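# Topology and contacts: notes
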Amino acid sequence: MPADERFAVRRDRARASVPRPLAAAPAPSGVPLPDGLALRGRLATGARRPERPRGSGRGGPGSRTPRTGRGGGPRRAYERARRAWDRPLTAYYVILGSSLLITVLGLVMVYSASMIKALDISKPSTYFFGKQFLAAVIGGALMLLAARMPVKLHRALAYPILMVTVFLMVLVQVPGIGMSVNGNQNWLYLGGPFQLQPSEFGKLALILWGADLLARKQDKRLLTQWKHMLVPLVPVAFMLLGLIMLGGDMGTAIILTAILFGLLWLAGAPTRLFAGVLGAAAAIAFLLIRTSPNRMSRLACMGVSEPDPEGGCWQAAHGIYALASGGWFGSGLGASVEKWGQLPEPHTDFIFAITGEELGLAGTLSVLALFAALGYAGIRVAGRTEDPFVRFAAGGVTTWITAQAVINIGAVLGLLPIAGVPLPLFSYGGSALLPTMFAVGLMIAFAREDPAAKAALAMRKPGVRWKTMRRRVKKRPSGER
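My aim in this report is to walk through the structure given alongside it, one point at a time.

About the thresholds
Here the residue numbering is sequential within each chain, running from 1 through the sequence in written order. For this predicted model, a pLDDT threshold of at least 70 governs which residues receive local features, and a threshold of 80 or more governs which side-chain atom pairs are given and counted, while totals over whole chains, interfaces and linings are taken from all residues. Each side-chain value is derived from all of the structure's non-hydrogen atoms; neither hydrogens nor water enter the calculation. An axis is simply a line fitted to the C-alpha atoms; with a helix, the fit covers only the stretch in contact. Between two such axes, the angle follows the N-to-C directions and lies from 0 to 180 degrees. Counting from the N terminus, the helices are DSSP H or I runs at least four residues long and the strands are E runs at least two residues long. Roughly parallel refers to an angle under 35 degrees, roughly antiparallel to one over 145, roughly perpendicular to one between 65 and 115, and oblique to any angle outside these ranges. Rotating anticlockwise by less than a right angle from the far helix to the near helix defines a left-handed crossing, while the corresponding clockwise rotation defines a right-handed one. The contact definition used throughout considers only heavy atoms, calling two residues in contact when any of these lie within 4.5 Å. Asp, Glu, Lys and Arg are counted as charged, while Ala, Val, Leu, Ile, Met, Phe, Trp, Tyr, Cys and Pro are counted as nonpolar; the rest, among them Gly, fall into the polar class. Two aromatic rings, drawn from Phe, Tyr or Trp (for Trp, its six-membered ring), form a pair once their centres lie within 6.5 Å of each other, and the interplanar angle then sorts them: stacked below 30 degrees, edge-to-face above 60, tilted otherwise. Burial status follows relative accessibility: with a 1.4 Å probe on protein chains alone, a residue under 20% of its type maximum counts as buried, one over 50% as exposed, and anything between as partly exposed. Think of it as a cone above the ring: NZ of Lys or CZ of Arg counts as a charge over the ring if it is within 6 Å of the ring centre and within 35 degrees of the ring normal. The pairing criterion is simple: DSSP has to find at least two bridges between the two strands. What is meant by a nonpolar core is a set of buried Ala, Val, Leu, Ile, Met, Phe, Trp, Tyr and Cys residues, joined one to another through side-chain atoms within 4.5 Å. Whenever a pair of cysteine sulfur atoms sits within 2.5 Å, that pair is classed as a disulfide.

Further remarks concern the packing of helix H7 (residues 158-172) against helix H10 (residues 233-246). Where H7 contacts H10, the axes come no closer than 10 Å and their chain directions differ by 30 degrees. By the angle between their axes, H7 is roughly parallel relative to H10. Pair H7 / H10 crosses with left-handed handedness. Of H10, the residues touching H7 (which contributes Leu 162, Val 166, Met 169 and Val 170) are Val 236, Met 239, Leu 240, Leu 243 and Ile 244. Looking at the contact of H7 with H10, its residues break down into nine nonpolar, no polar and no charged.

Going through the model one piece at a time under the given rule, you end up with seven aromatic pairs. For the ring pair Tyr 127 and Phe 128, a centre distance of 5.1 Å and an interplane angle of 75 degrees mean the geometry is edge-to-face. Here the aromatic rings of Phe 389 and Phe 446 are separated by 6.2 Å at their centres, their planes lie at 85 degrees, and the arrangement is edge-to-face. Of the two residues, Phe 389 sits in helix H16 (residues 388-412) while Phe 446 sits in helix H17 (residues 430-448), which places them 57 residues apart along the sequence. Of the two residues examined, Phe 389 and Phe 446, each falls in the buried class. Site record: aromatic cluster; members linked through ring pairs are Tyr 111, Phe 129 and Phe 133. One cation-aromatic arrangement involves Arg 391 over Phe 392; the distance from NZ or CZ to the ring centre is 5.2 Å.

A separate point is the sheet that holds strand S1 (residues 178-181). The strand order across the open sheet formed by three strands is S1-S2-S3, and the pairing between neighbours is antiparallel. For this open sheet the edge positions go to S1 and strand S3 (194-196), each flanked by a neighbour on one side alone. This sheet shows a mean twist of 55 degrees between the axes of neighbouring strands, independent of strand direction. Sheet topology note: the S1/strand S2 (residues 184-191) ladder contains three bridges and is antiparallel. Paired with Met 179 across the two strands is Trp 187, which belongs to S2.

A separate point is the nonpolar core. Formed by 108 residues in total, the largest nonpolar core has its most connected members in Leu 233, Leu 264 and Phe 446. When residues in this core are grouped by element, the largest group, 13 residues, is from H16. Leave out the neighbours within four places in its chain, and Leu 233 touches Leu 206, Trp 209, Gly 210, Leu 213, Leu 214, Leu 260, Leu 263 and Leu 264.

The next thing to look at is the side chain of Thr 355. Looking at the element boundaries, Thr 355 is found in helix H15 (residues 351-384). For Thr 355, a relative accessible area of 0% translates into the label buried.

Counted by the stated rule, this structure contains one disulfide. With a sulfur-sulfur separation of 2.1 Å, Cys 301 is cross-linked through a disulfide to Cys 313. As the torsion about the S-S bond is roughly -90 degrees, the Cys 301-Cys 313 disulfide counts as left-handed. Separated by 12 residues along the polypeptide, Cys 301 in the loop between helix H13 (293-300) and helix H14 (314-324) and Cys 313 in the loop between H13 and H14 bring together distant segments of the chain.

Where helix H5 (residues 127-148) contacts H17, the axes come no closer than 7 Å and their chain directions differ by 25 degrees. In terms of their interaxial angle, H5 and H17 are classed as roughly parallel. Along this stretch, H5 crosses H17, giving a crossing that reads as right-handed. In this structure, H5 uses Gln 132, Ala 135, Ala 136, Ile 138, Gly 139, Gly 140, Leu 142, Met 143, Ala 146, Ala 147 and Arg 148 to contact H17, whose residues at the interface are Gly 430, Leu 433, Leu 434, Met 437, Phe 438, Val 440, Gly 441, Leu 442, Ile 444, Ala 445 and Arg 448. A per-class count over the contact of H5 with H17 returns 15 nonpolar, five polar and two charged.

Structure (structure tokens):
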């Protein structure tokens, strides 16, 4: 056989021995196939991509694993609420939001409840509202100042505030300088329509000074001895109580006593010591009430549903009438009947009754929920801190606001005697509003001092967020982002 024929036979055998699928086989390692050859191989073999299961594309149900945390039900809702409450900034926002809502709602109700009273004394209908609004603006500035001040500065101001408050409370008892309002001589005349009640600032002074005192003693480990726990805290508190009782203000004295007990409780006073101080205070209170016909008459008005024929318990009975006539959603804002002279002090001590009459049960429960949220957030701030001063001060402020709210609302409901204390942040009265808003600023500052809250607030600053984003984005070789 000639050589050309032998070569043709070998070529035909070699072509016949190579299977067609091998034409689309990948090239050996490191040797890429030409695009045309690879394409011809795929077309020749008829290979296709494996089909995806239906719904496995982008957005389909098969593209991601099902989440087990989804779903309704009370347990899921409770878990979500608990996780939201455990966030670092929850107490900060709850204190700020609830206090501002209470103040704004209080301004609305002061305007509605005081219109007839202002017209009755030949003043414009916005007379009391204007004074309360001015006090709220000044109190807002004080709250912002207190929220921005460091804790060390608050401790440094404790002694100056206490000394100034004691001086003003002594000045009230000087004839010709102090003023008597509703039988209580606890006021200073500032000129024009403005007056000042120094005893309201005594609550704030006792909290700051007492918290600083107990914190320094705890650092020295002296609170295990009852002498250091009581002295000089209890004598100074009794001095403030004596100055208040000289003016006849039993309600403010009760709140100051509650603050003292709150500080002793936070300091870890033993049960026997705590019970002894409580028993002594109860004996003094009983003696003061027993020797005053006015206080005895207030005690006798607990739980009454109608005034007696001689006109006694008039305020307590008409407070119940206002709440009873409100129904579920009230008669409407401004449509109260009891504020037309039937209910004394509708914009101060009994503003909660007017709220129930005009906004109904829904309005009163909203006010109670806001106070409960504020109190619970204060307890959270006091319980999570490692600073003893922050714990004592936050606990004292929480005791102050919650105790005063309970006493005021309990008197309106007929469950407690009428003590003559305003509803915090809600009732009319600049002397009560200013120190209370400063105390709320204290709790906001304490909530910001939490390490986790500090980190969360720092991450929310625009500069920090922009720098963080710049670090996360890598530059491409072309210079694009």
